[in-house]
Amino acid sequence: MIKFTKITAVAILAYCASIASFAWGKNADLQNGFVYVHTSRNMPELIIEGKKDALKTNVLHSAKNLEIDCGEKQIAFLILSNRTVIQLEENTKIKIKSFSQTPPFSFDFYSETEETRSILDMEILRGKIRVYGVRPRATSSINVESPFGKYDVKSTKFTMSVSDKHTEIVLFEGQSTFTSKNGKRDFIQNKQRGEILAERLNSEYPMKIEYLTSIEEDALLLKYNDCKTVFNSVEFFKGKDGKMRAIRITPKEFLNRSAKYEYRK
């Protein structure tokens, strides 16, 4: 019979903890994610590793070193494999530097929380984007680089615009930290607008923050309906060959839409 002592018990617990830690670390390894082109209006430009092509709908790409350039009267809707939707308005250019997430890449349509940890690193060079998704896990992050600094965003709905003279972020839900290129930091939370002007970059608090009015909130919520349609119409899965696939689906809510509704406006 084995005689258990306090030292033996501690040793067993430490061994079990090390095994659990190893297993967790192995399962938590991030893998390269994917981006699916849901909508491409008037053929925006796609640049992969310096090679230019037209951005085509219903195409799945590896989410690494992708540039999408929408010119005049061009828009695009992208959806990442963690169900994050990115809408590009006309005259907008972004770069998805990398997007990775913890496998499995499956998800539940009825879940309002991201099922696996993910990290998105992207850059907005000009124009305006709208981002829509489920509630991110605490260890997930969306890092957006702009000409004036970086944003660490934890949000389910936010809008960002960039010009030569300013950068603006509007958070419908969540929070974001801004860090300027000279190290100045500022913070914004839900239902707020934060504007960075070139002449304020050296101030102690570079972001001009305002609360959204109720009218602005209602108008902004309507804008996210287009993203929600995309959000509910794509399913990711792995094929028998082990490769990622994406298919378009038609939710019942879409069949009941108004005849005047057009998500590509």
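In case you missed it, the structure is sitting above this.
The paragraphs below set out a description of the structure included in this document. Computed from a prediction, not measured in an experiment: that's the story for all the values here. (Residues numbered from 1 in each chain as written. Predicted model: local features only at pLDDT ≥ 70, side-chain atom pairs only at ≥ 80, totals over all residues. Heavy atoms only, no water.)

Topic: the overall build of the protein chain
Line of reasoning, step 1. Looking only at helices and strands, the protein chain features 3 helices and 18 strands.
Line of reasoning, step 2. Taken over 265 residues, the protein chain has a buried fraction of 41%.
Line of reasoning, step 3. When contacts within the protein chain are restricted to residue pairs at least 6 apart in sequence, long-range pairs at least 24 apart make up 50% of them.
Line of reasoning, step 4. Accessible surface, the protein chain as shown: approximately 15000 Å² in total, 53% of it carbon and sulfur. (Helix = DSSP H or I, 4+ residues; strand = E, 2+ residues; numbered from the N terminus. Buried < 20%, exposed > 50% of the residue type's maximum accessible area, 1.4 Å probe, protein only. Contact = heavy atoms within 4.5 Å. Areas by Shrake-Rupley, 256 points an atom, 1.4 Å probe, with all protein chains shown as cover.)

Some details on the environment of Asp-164
Line of reasoning, step 1. When you line up the elements, Asp-164 lands in the loop between strand E12 (149-162) and strand E13 (166-180).
Line of reasoning, step 2. Put simply, Asp-164 and Ala-198 are 34 residues apart on the chain and 8.4 Å apart in space, counted from C-alpha to C-alpha.

Comments concerning the side chain of Glu-123
Line of reasoning, step 1. Following the sequence through the fold, Glu-123 ends up in strand E10 (residues 118-132).
Line of reasoning, step 2. With relative accessibility at 18%, the residue Glu-123 sits in the buried group.

So, the packing of aromatic side chains
Line of reasoning, step 1. The tally for this structure, following the rule as stated, stands at 4 aromatic pairs.
Line of reasoning, step 2. Among the aromatic residues, those joined into a cluster by ring pairs are Tyr-132, Phe-172, Tyr-224 and Phe-231.
Line of reasoning, step 3. Positioned over the ring face of Phe-231 is Arg-83, at 3.8 Å from the centre of the ring.
Line of reasoning, step 4. The side chain of Lys-191 reaches across the aromatic face of Phe-172, ending 5.2 Å from its centre. (Phe/Tyr/Trp six-rings, centres within 6.5 Å; stacked < 30°, edge-to-face > 60°. Lys NZ or Arg CZ within 6 Å of the ring centre and 35° of its normal.)

A look at the pairing of strand E18 (residues 244-248)
Line of reasoning, step 1. In this structure, strand E17 (residues 234-238) lies alongside E18, joined through 5 bridges in antiparallel fashion. Across the sheet, the residue bridging to Phe-236 is Ala-246, located in E18. (Pairing = 2+ DSSP bridges.)

Focus on helix H2 (residues 214-231)
Line of reasoning, step 1. A rise of 1.5 Å per residue sets the reference length of H2, with its 18 residues, at 26 Å; its end C-alpha atoms lie 25 Å apart and thus fit the reference within 8%.
Line of reasoning, step 2. Of all the bends in H2, the greatest, near 30°, is centred on Asn-225.
Line of reasoning, step 3. Among the residues making up H2, those that are buried are Leu-220, Tyr-224, Asp-226, Cys-227, Thr-229, Val-230 and Phe-231. (Expected span 1.5 Å × (residues − 1). Bend = angle between axes of the 7 residues up to and from the residue.)

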